Amino acid sequence: MQRFIAPAVLAAAIVLGGCQATAPVVPVPVHGFVTDMKAFDAFIATHPTPEQFRTSYPDVQLVMPGTITTMELRSNNSRYYPELDQDGRITGGHFS
């Protein structure tokens, strides 16, 4: 009888562990310009939508394809030109 207790407990733990509901993660906006490139690259790797980008980085100008901008050169990572996939999600890009 005792040999069946450990497998029964393990099976119950696996079943109950799979039933946990996780709360959605709400991103905290990063104000100012992008200074933490490692965190920014990790964010872009999630393939955010333009709206998610604007919510997460409200102070960075997101220049969508076809948008007219000035020719000024910015060196403070305040203007981002995204590369989009067929679903309109950001897959990469560059600052200018």
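Higher on the page you've got the structure.
First, a word on what this report is: a plain description of the structure on this page. (Residues numbered from 1 in each chain as written. Predicted model: local features only at pLDDT ≥ 70, side-chain atom pairs only at ≥ 80, totals over all residues. Heavy atoms only, no water.)

## Some remarks on helix H2 (residues 37–44)
- Buried within H2 we find Phe 40, Phe 43 and Ile 44. Across the axial projection of H2, the buried residues extend over an arc of 95°, all falling on one side.
- Packing partners of the buried residues in H2 comprise helix H3 (50–56), strand S2 (79–84) and strand S3 (90–95). (Buried < 20%, exposed > 50% of the residue type's maximum accessible area, 1.4 Å probe, protein only. Helix = DSSP H or I, 4+ residues; strand = E, 2+ residues; numbered from the N terminus. Arc of directions from axis to C-beta. Contact = heavy atoms within 4.5 Å.)

## What to know about the pairing of S3
- Two strands pair when backbone bridges link them, and S2 and S3 are joined in this way by 5 bridges, in the antiparallel orientation. When the sheet's bridge partners are listed, Pro 82 is paired in S3 with Gly 93.
- Here S2 folds back onto S3 in antiparallel fashion, the turn holding 5 residues, of which Gly 88 has a positive phi close to 85°. (Pairing = 2+ DSSP bridges.)

## Side note on the sheet that holds strand S1 (residues 61–62)
- Spatially, the 3 strands line up as an open sheet ordered S1-S2-S3, and their pairing is mixed. Both edges of this open sheet fall to S1 and S3, since each of them pairs with a single strand only.
- Across 2 bridges, the pairing between S1 and S2 is parallel. Along S2, the bridge assignment pairs Gln 61 with Arg 79.
- Here H2 sits on the sheet in contact with S2 and S3, set at roughly 145° to S3. (Axes fitted to C-alpha atoms, helices over the stretch in contact; angles between N-to-C directions.)

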